[in-house]
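A structural walkthrough
Residues per chain, in single letters:
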Amino acid sequence: MRPPDCFICQRSLRDGEPYSSFTDVWFALTPEEEAIRREQDRQGWVGHPPEVEWFCDKHSALAEEHAHLHWREALELLARQRGQLGEAR
Ligand SMILES: [Zn+2]
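Residues numbered from 1 in each chain as written. Predicted model: local features only at pLDDT ≥ 70, side-chain atom pairs only at ≥ 80, totals over all residues. Heavy atoms only, no water.

**Points about helix α3 (residues 71-84)**
Here α3 spans 20 Å end to end across 14 residues, near enough to the 20 Å set by a 1.5 Å rise per residue. Along α3, the residues classified as buried are Trp71, Ala74, Leu75 and Leu78. End-on view of α3: buried residues confined to an arc of 90 degrees, all on one side of the axis. Among the exposed residues of α3, those pointing more than 90 degrees away from its buried face are Arg72, Gly83 and Gln84. (Helix = DSSP H or I, 4+ residues; strand = E, 2+ residues; numbered from the N terminus. Expected span 1.5 Å × (residues − 1). Buried < 20%, exposed > 50% of the residue type's maximum accessible area, 1.4 Å probe, protein only. Arc of directions from axis to C-beta.)

**Points about the coordination of the zinc ion**
On the protein side, the zinc ion has Cys6 (SG), Cys9 (SG), Cys56 (SG) and His59 (ND1) as donor atoms, found 2.0 to 2.4 Å from it. The coordination sphere of the zinc ion comprises four donor atoms, whose angles at the metal cover 104 to 116 degrees; the geometry is tetrahedral. Residue class for Cys6 comes out buried when judged on its relative accessible area of 0%. (Donors = N, O, S within 2.8 Å, 3.2 Å for Na, K, Ca; no water. Tetrahedral: all angles 85-135°; square planar, octahedral: opposite > 155°, others 65-115°.)

**Points about the nonpolar core**
Cys6, Phe27, Phe55 and Leu78 are the most contacted members of the largest nonpolar core, which totals 18 residues. Discounting chain neighbours no more than four positions away, the residues touching Cys6 are Arg11, Phe22, Trp54, Phe55, Cys56 and His59. (Core = buried A, V, L, I, M, F, W, Y, C linked by side-chain atoms within 4.5 Å. Contact = heavy atoms within 4.5 Å.)

**Digging into the pattern of salt bridges**
As enumerated under the stated definition, the model contains six salt bridges in all. Taking the shortest distance from any N to any O, the salt bridge between Arg11 and Glu17 comes out at 2.6 Å. Residue class for Arg11 comes out buried when judged on its relative accessible area of 15%. Taking relative accessible area as the criterion, Glu17 reaches 18% and is therefore assigned buried. Salt-bridge contacts for Arg42 lead to Glu39; the nearest nitrogen and oxygen are separated by 2.8 Å. Here the residue Arg42 and the residue Glu39 both occupy positions in helix α1 (residues 31-42), the gap between them amounting to three residues, near one helical turn. The exposure class assigned to Arg42 is exposed, which follows from its relative accessible area of 64%. Classification of Glu39 as partly exposed rests on a relative accessible area of 32%. Taken together, the shared-partner salt bridges connect Arg11, Glu17 and Asp57 into one network. (Salt bridge = Lys/Arg side-chain N within 4 Å of Asp/Glu carboxyl O.)

Listed below in structure tokens is the structure:
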């Protein structure tokens, strides 16, 4: 897992945000991807899975609303929020 930084506003620990203000949100996988993930887990793979992103306390609720979607679709929709929220850097 990467250290936390918000997928939407890019706030991170470097901005002085406490670790506790970040939430890791796991989005949905296709059945094929789930099978690959299970195999990777079995082999002790450690890395940052593409279906997981960090969100700060301001944006975790929005992210959770999308958690039932496939991660590609969810992240595409959430990336569109960046400009609209006026918090992108
Ligand atoms: Zn954020």
